[in-house]
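# Per-entry structural report
This is what each chain is made of:
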Amino acid sequence: MRTTWCFASVLTTVTALLWAAPSAVSQPPREDSKPRSEPRDFRADCTTVLDGSRATAYCHNPYPQTDRVRLHIECERWWDVDSDSAPVEIGPAGYIELTDRCWKEVSTVWVSHQPLRDPAGT
């Protein structure tokens, strides 16, 4: 009689675990599996570093499309002129460094992206 009770207990536990386990069929589709209505933007990976009053952005483009980047620096002092670099294109697997500075302290640094679309048919 003891073996039957143990067997029934194990069978009940296994049934409860299988019943509670999530099923792939009942889960909603993941966000990245849904069809996109607009093409994906391929933006270069950029890191900014501050060294005193000088700011540098290190950018690498791991994507197959070209990205146009600009370094923007906002200076802390009201009389110090903020700066925006000229746009620079980074091709596939490309790497660039952008550097600029303020006269005194740097308030904010960021990099803007403008992914370029390849012409149709290429």
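Check the entry above for the structure.
In this report, the structure presented in the accompanying data block is examined. Because the structure is predicted, anything quoted here is derived from the model rather than measured.

Calculation criteria
Residues numbered from 1 in each chain as written. Predicted model: local features only at pLDDT ≥ 70, side-chain atom pairs only at ≥ 80, totals over all residues. Heavy atoms only, no water. Helix = DSSP H or I, 4+ residues; strand = E, 2+ residues; numbered from the N terminus. Buried < 20%, exposed > 50% of the residue type's maximum accessible area, 1.4 Å probe, protein only. Contact = heavy atoms within 4.5 Å. Areas by Shrake-Rupley, 256 points an atom, 1.4 Å probe, with all protein chains shown as cover. Pairing = 2+ DSSP bridges. Axes fitted to C-alpha atoms, helices over the stretch in contact; angles between N-to-C directions. Phe/Tyr/Trp six-rings, centres within 6.5 Å; stacked < 30°, edge-to-face > 60°. Lys NZ or Arg CZ within 6 Å of the ring centre and 35° of its normal.

Attention now moves to the overall build of the protein chain. Along the protein chain, the regular secondary structure elements total one helix and seven strands. Ordered by position in the sequence, the α and β elements of the protein chain form the string α-β-β-β-β-β-β-β. Looking at the 122 residues of the protein chain, the share that counts as buried comes to 24%. Contacts spanning at least 24 positions in sequence make up 66% of the contacts within the protein chain whose residues lie at least 6 apart. Element-wise, carbon and sulfur atoms account for 56% of the exposed surface of the protein chain, whose accessible area totals about 9,500 Å².

So, about the sheet that holds strand S1 (residues 45-51). Strand pairing in a sheet is mediated by backbone hydrogen bonds. Such pairs are either parallel or antiparallel. With respect to topology, three strands assemble into an open sheet ordered S1-S2-S6, the strand pairing being antiparallel. With partners counted over all chains shown, the strands left at the sheet margins are S1 and strand S6 (94-101), one partner each. Recorded for the sheet is a direction-independent mean angle of 15 degrees between the axes of neighbouring strands. As paired strands, strand S2 (residues 54-61) and S6 are joined by eight bridges and run antiparallel to one another. Considered in S6, the bridge of His-60 is made with Tyr-95.

This brings us to the packing of aromatic side chains. Applying the stated criterion across every chain yields a total of zero aromatic pairs. The ring of Trp-103 has Arg-101 sitting right over it, with the charged end atom 5.2 Å from the ring centre.

Below, the discussion takes up the environment of Asp-80. Inspection of the secondary structure assignment puts Asp-80 in the loop between strand S3 (67-75) and strand S4 (83-84). On the basis of relative accessible area, Asp-80 is assigned to the buried category, the value being 5%. As for Asp-80 and Lys-104, which are separated by 24 residues in sequence, their C-alpha atoms are 7.4 Å apart. Discounting chain neighbours no more than four positions away, the residues touching Asp-80 are Cys-75, Cys-102, Trp-103 and Lys-104.

Below, the discussion takes up the pairing of S1. Sheet topology note: the S1/S2 ladder contains seven bridges and is antiparallel. Paired with Thr-48 across the strands is Ala-57, a residue of S2. Counted along the chain from S1 to the antiparallel partner S2, the turn is two residues long, and its residue Gly-52 has a positive phi close to 70 degrees.

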